[in-house]
Amino acid sequence: MSYLGFVVRRLAEMAATLLGASFVIFGAMYLAPGSPASFLLSGRSASPDALRAINEQYHLDDPLAVRYFRWLDGLLHGDFGRSITYRTDVSRLLADRLPSTLLLVAMALVLVLIAGLALGRLGAVRGGAVDATVLVTTTLAVGTPSFVAAVMLQGLFAVRLHWFPAGGTGVGLGQLVWHLTLPAVALALYLIGMLARVTRGAMLDVLGQEHVTVALSRGVPKRKVIGRHVFRNALGTVLTTGGLIVSTLLVCTVLVESAFGVGGIGQLLELSITTKDFPTVQAISLTMVALFMAVNLVVDLIHPLVDPRIATGPGRSPA
């Protein structure tokens, strides 16, 4: 299979998976106890006419299949529905809050890649006490949940030292980045430890291979061997964790945004679940799934280019 055919096949698989995910996301909300009508009534008793009016307005009495295909048709036309809680279009809520979340995830991802790859490479190449220090550091990082890291960072750098704000997003891009620094660190800490350990293990495996030993015995500078052979060959293994890293970042934004009061889609998702705001929960969930799948697609497309040994079809190379 040619590389172009591989790309087309992956895009088709992504579309099919996204369609299946949309049905699961839409149906799962209606399996939970309670209903939007109960939230809108705020616990007050209502006459049958009032309850009927609410159900008609939000089509809550329609069969599940009818509601699903109406919702799916709206998605295909860029209409995510209307928020039950905020009384506005869900697309407007996403447009207002998604940039903050994407910036937070991007900042955390940069921290994960820089620190994780650097620590993993340092431990694998230097060995000895340096490697032991890297292992201890990454073990502590992996053992610290994001919400615990958020509380610790807030207490030290915001409350005690006053270096960073304890929450909010500020005004303008500069203040937004400043306000998101601590949340990004809290979000990245666990994944830095994970990526560092994956990188270290992959590089140690390559360092033990015969072609590396032969290159070093022939006098090829170690730095050149590490850069051109060891790290590059280990990069394929590291790339496979890309989807896991991004999915973890997206999931953990719910906790971190709530802890720091960041007005992103993570915090919006938490509030919408609490208030049974079905259209908003469904739109955010599908958006997160789409982002996760898009990242996985990019990783799958880059992987054969980084490591030509990866085949894109039965018995064929990607070339």
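Scroll up to find the structure this text is about.
Enquirer: Would you mind showing me how to read the packing of aromatic side chains here?
Expert: In the structure shown here, the tally under the stated rule is six aromatic pairs. Note on Tyr 68 and Phe 69: the rings are 5.2 Å apart at their centroids and 65° apart in plane angle, and the pair reads as edge-to-face. Grouped by ring-pair contacts, the aromatic residues Phe 23, Phe 26, Tyr 68, Phe 69 and Trp 71 constitute a single cluster.

Enquirer: Can you help me understand the nonpolar core in this one?
Expert: Proteins that are soluble and globular tend to have nonpolar side chains buried together. Val 112, Leu 187, Ile 245, Leu 249 and Phe 260 are the most contacted members of the largest nonpolar core, which has 29 residues in total. Put simply, the parts of the chain that give this core at least two residues each are helix 5 (90–126), helix 7 (146–160), helix 8 (172–207) and helix 11 (242–260). Element by element, the count of residues in this core is highest for helix 8, at eleven residues. Dropping the residues within four chain positions of it, Leu 249 is found in contact with Val 105, Ala 108, Leu 109, Leu 187 and Leu 191.

Enquirer: So what exactly am I meant to see when it comes to the pattern of salt bridges here?
Expert: Side chains that differ in charge, positive against negative, can pair when their charged atoms come close. Under the defined criterion, the tally for this structure stands at four salt bridges. Ionic pairing is found between Arg 82 and Asp 89, a salt bridge with its closest N-O pair at 3.7 Å. Close ionic contact of Arg 200 with Asp 131 constitutes a salt bridge, the shortest N to O distance being 2.6 Å. Taken together, the residues span a long stretch of sequence, with Arg 200 in helix 8 and Asp 131 in helix 6 (residues 128–142) at a distance of 69 residues. According to the relative accessible area criterion, Arg 200 is buried, its value standing at 18%.

What counts, and at which threshold
Residues numbered from 1 in each chain as written. Predicted model: local features only at pLDDT ≥ 70, side-chain atom pairs only at ≥ 80, totals over all residues. Heavy atoms only, no water. Phe/Tyr/Trp six-rings, centres within 6.5 Å; stacked < 30°, edge-to-face > 60°. Core = buried A, V, L, I, M, F, W, Y, C linked by side-chain atoms within 4.5 Å. Buried < 20%, exposed > 50% of the residue type's maximum accessible area, 1.4 Å probe, protein only. Helix = DSSP H or I, 4+ residues; strand = E, 2+ residues; numbered from the N terminus. Contact = heavy atoms within 4.5 Å. Salt bridge = Lys/Arg side-chain N within 4 Å of Asp/Glu carboxyl O.

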